[in-house]
Amino acid sequence: MVVAGTFITVEGPDGAGKTSVLTQLLPQLKQHFNQPVILTREPGGAKISEKIRDVILNPEFTEMDARTEALLYAASRRQHLVEVILPALARDEVVVCDRFVDSSVAYQGGGRQIGEEAVLAMNQFATGGLNPDLTLYLDVPVEVGLARIRQHRQNQFDRLDQETVEFHQRVSAAYQRLLAANPERIIAIDATRELAEVTAECLAVLKAKLPALWQ
Ligand SMILES: Nc1ncnc2c1ncn2[C@@H]1O[C@H](COP(=O)(O)OP(=O)(O)OP(=O)(O)O)[C@@H](O)[C@H]1O
Ligand SMILES: [Mg+2]
């Protein structure tokens, strides 16, 4: 399949504000971009992928093996890619995805310590090597993200939310290595500021980095 459109991903630790920023950003992108925009998310975004998401996040499945988890993420991603992302890119649309391969490298590779290189290689099999054109990394210290989640989501923790602070620190460190290794693709945004400010900077980065998309 010919990839013509533009693929943008948003990454960052839990509670960084990825979903909040994207909710604010989407209407503005629809208004300003000269191509249709779709917003999707991982894990999920397609019927089979959402079912796999339910298995991954189910708080009862405490016995889940780290490699099983990584494989499930990659399987979910593959289906989502084939059903949603690639067809939209082939129609020359802009696809904005809440998390992608970087999340697996950071959470499974770094957080679960099964190897960032191994997780990347496995995901390259799943994606056929498709990389985002641009990744916005919402940068917040681990404690800030976790405090936001605790404050707003009492009682509703999923399996990954139950992880230790050390797990989240390893995730954050792996994200920093991804930033260092991909300075052209991944742009860090200080996401400790107010949501409106973070959203405005995301828009400014998209304008500067992908000028051809703007009307
Ligand atoms: N800039 C911000 N300042 C203060 N609170 C924020 C900000 N952005 C998001 N929040 C709040 O923090 C919580 C987490 O935000 P959100 O769900 O958007 O994060 P996320 O990065 O999508 O997290 P997850 O990785 O868990 O999906 C929400 O309750 C949201 O309202
Ligand atoms: Mg989210």
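Whatever comes next refers back to the structure up there.
Before going into details, it helps to say that this report is about the structure given with it.

How each quantity is defined
- Residues numbered from 1 in each chain as written.
- Chains lettered and ligands numbered in written order.
- Predicted model: local features only at pLDDT ≥ 70, side-chain atom pairs only at ≥ 80, totals over all residues.
- Heavy atoms only, no water.
- Salt bridge = Lys/Arg side-chain N within 4 Å of Asp/Glu carboxyl O.
- Helix = DSSP H or I, 4+ residues; strand = E, 2+ residues; numbered from the N terminus.
- Buried < 20%, exposed > 50% of the residue type's maximum accessible area, 1.4 Å probe, protein only.

**Looking at the pattern of salt bridges**
In step 1: Summed over the entire model, instances satisfying the criterion amount to 10 salt bridges.
In step 2: Residues R112 and E69 are paired through a salt bridge, measuring 2.9 Å at the closest nitrogen-oxygen approach. In this pair, R112 sits in the loop between helix 4 (101-111) and helix 5 (116-127) while E69 sits in helix 3 (residues 66-90), placing the two residues 43 residues apart along the sequence.
In step 3: Looking at E69, the relative accessible area reads 1%, which means it is buried.
In step 4: In this structure, R177 and E116 form a salt bridge, with 2.8 Å as the shortest nitrogen-oxygen distance. In this pair, R177 is assigned in helix 7 (residues 165-181) and E116 in helix 5, connecting sequence segments 61 residues apart.
In step 5: With relative accessibility at 43%, the residue R177 sits in the partly exposed group.
In step 6: When salt bridges that share partners are traced, they join E69, R112 and E163 into one network.

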